[in-house]
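Chain by chain, the residues:
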Amino acid sequence: MALGLHSIAKTRRAKGIFKALSFILVATLLFQFPTAFAQSRSYSPLPGSAVRRELLNLLRPIIARDLGAPIEFVVNEIKVSGNYAFVSVDAQRPGGRRIDPAKTKWAGRLYPDIIDCCHAQAIYQKRGNRWRILESALGATDVWYLSYCGRVPSDLFIGCPTK
């Protein structure tokens, strides 16, 4: 009988040591490689998703005002982080036809010296259950949206320093 109790005690002790060593191993890995286990707060909405559709539909009339309708977007990037979103697109005519800047509001004024037709970006904020555009740009040749670093999540777009 005493032998059986001694064996059970050894087994419990071994399980305790194993649990302690497992905890130390996991804690060490998390400390040494935090980015391998950290999940990004940002995500890219899938094509056809409600979020993606809403973001693009908010931007479309703003861009069409300058380039003329109809337009469609080739999406370069859409990223959502918390209550903020960033969109980078190239506008084109339906079916993939190129937009001729000479046939837009820009004709004879800005193109081709100062703008990057027909690239657009926008920063959005979600309030309640609705997205709204904080700022957008069409034809920008700089990274204007970096002025939002510190006001939006740092993983929203490349270029913001991380903490």
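Residues numbered from 1 in each chain as written. Predicted model: local features only at pLDDT ≥ 70, side-chain atom pairs only at ≥ 80, totals over all residues. Heavy atoms only, no water.

Visitor: Is there a simple way to think about the environment of Asn76 in this case?
Guide: With respect to the helices, strands and loops of the structure, Asn76 is situated in strand β2 (residues 72-81). In this structure the C-alpha to C-alpha distance between Asn76 and Gln121, which are 45 residues apart in sequence, comes to 9.6 Å. Contact partners of Asn76, with chain neighbours within four places excluded, come to Ser88, Val89, Asp90 and His119. Within the local environment of Asn76, its side chain forms a polar contact with the side chain of Asp90, the two groups lying 3.1 Å apart. (Helix = DSSP H or I, 4+ residues; strand = E, 2+ residues; numbered from the N terminus. Contact = heavy atoms within 4.5 Å. Polar contact = N/O pair within 3.5 Å; in protein donor to acceptor, adjacent residues only side chain to side chain.)

Visitor: Is there a simple way to explain the state of the cysteines in this structure?
Guide: By definition, a disulfide is the covalent link that joins the sulfur atoms of two cysteine residues. Counted according to the given criterion, the structure contains 2 disulfides. Bridging Cys149 to Cys160, the disulfide has an S-S length of 2.0 Å. Between Cys149 and Cys160 the disulfide shows an S-S torsion of about -90°. By sign, it is left-handed. With a gap of 11 residues between them, Cys149 in the segment after β5 (130-138) and Cys160 in the segment after β5 connect regions that are remote in the sequence. Among the cysteines of the protein chain that take part in disulfides, numbered as they appear in the sequence, the pairing is 1-2, 3-4. (Disulfide = S-S within 2.5 Å.)

Visitor: I keep staring at the pattern of salt bridges and nothing clicks. Help me out?
Guide: Close approach of charged atoms allows side chains of opposite charge to pair. Inspection of the entire model under this criterion finds 2 salt bridges. Across the pair Lys79 and Glu77 runs a salt bridge, and its minimum N-O distance is 3.9 Å. Exposure remark for Lys79: the relative accessible area of 18% places this residue in the buried category. Classification of Glu77 by relative accessible area gives partly exposed; the value is 25%. (Salt bridge = Lys/Arg side-chain N within 4 Å of Asp/Glu carboxyl O. Buried < 20%, exposed > 50% of the residue type's maximum accessible area, 1.4 Å probe, protein only.)

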